Amino acid sequence: MNYQKSLNKSTNKKKIRIGSKNYILDTKKFKKFKMNILAITTSVALTITAYGLVKDNVKFHFEKENINFNVVEQMQESGYQAFPVDGDWNYRYDKLDNIDAFDLLIYMGADDALDVIQYRGYESWEDLAQKEGYEDKYEWYNAQKEEVINKDTKTRGGK
């Protein structure tokens, strides 16, 4: 038994000298300490990354609500029926010319807003995106979303 304790001490501990003092370094505890530091660092990095993603999604959700209110207000000012009656929108799309396509997409949904952009001369969402200089509708949508999320930073002189 004493032999086993001595063996454990000799393989687990290391004597180091700092200045005039001797210290005993416990390698098992030091390995655990390094693993704990690695775990904490990883969890902090993941938390920061997740916060950025969640923050943007929450901010976009609230911005979509603002867009919805603005679109309803613009529709009412132009004399357009702001809500579908029996599932059908008012087909006088000329009254919606001053409303941005992205805002209509958010408010009306992709299918109903497609009718409006087709009235404006585009064949599809892909056609609109390509004519505005984007590869596809997803790139266009993401660029519009990014602009909505970061509009405050741009107007305050940040970027």
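Residues numbered from 1 in each chain as written. Predicted model: local features only at pLDDT ≥ 70, side-chain atom pairs only at ≥ 80, totals over all residues. Heavy atoms only, no water.

1. Digging into the packing of aromatic side chains
Here is the rule: Only centres within 6.5 Å qualify two rings of Phe, Tyr or Trp (six-membered ring in Trp) as a pair; their planes then separate them into stacked at under 30 degrees, edge-to-face at over 60, and tilted for everything else. Counting from the N terminus, the helices are the DSSP runs of H or I reaching at least four residues and the strands are the DSSP runs of E reaching at least two. When a residue's accessible area, from a 1.4 Å probe over protein chains only, is under 20% of the maximum for its type it is buried; when over 50% it is exposed; and in between it is partly exposed.
Following the criterion strictly, the structure yields six aromatic pairs and no others. Aromatic side chains Phe-102 and Tyr-141 sit 5.5 Å apart centroid to centroid with 55° between the ring planes, which places their arrangement in the tilted category. One end of the pair, Phe-102, is in helix H3 (residues 101-108); the other, Tyr-141, is in helix H6 (residues 137-149), with 39 residues separating them in the sequence. Looking at Phe-102, the relative accessible area reads 1%, which means it is buried. By relative accessible area, which is 27% here, Tyr-141 ends up partly exposed. Members of the aromatic cluster, each reached through a chain of ring pairs, are Phe-60, Phe-102, Trp-125, Trp-140 and Tyr-141.

2. Here we look at the packing of helix H2 (residues 27-77) against H6
As a reminder, the rule being used: Axis lines are fitted to C-alpha atoms, over the contacting stretch for helices. Their N-to-C directions set the angle, which ranges from 0 to 180 degrees. Geometric relationships in this document are graded by angle, where less than 35 degrees denotes roughly parallel, more than 145 denotes roughly antiparallel, 65 to 115 denotes roughly perpendicular, and other angles denote oblique. In what follows, residue pairs with any heavy atoms lying within 4.5 Å of each other are defined as contacts. Residue type decides the class: Asp, Glu, Lys and Arg count as charged, Ala, Val, Leu, Ile, Met, Phe, Trp, Tyr, Cys and Pro as nonpolar, and the leftover types, Gly among them, as polar.
One way to put it is that H2 packs onto H6 with a least axis distance of 9 Å and a crossing angle of 90°. In terms of their interaxial angle, H2 and H6 are classed as roughly perpendicular. Here H2 contributes Asp-56, Asn-57, Lys-59, Phe-60, Glu-63 and Ile-67 to the contact with H6, which in turn contributes Tyr-141, Lys-145, Val-148 and Ile-149. Its residues assigned to classes, the contact of H2 with H6 shows five nonpolar, one polar and four charged.

Function-wise, these values are silent; they only describe arrangement.
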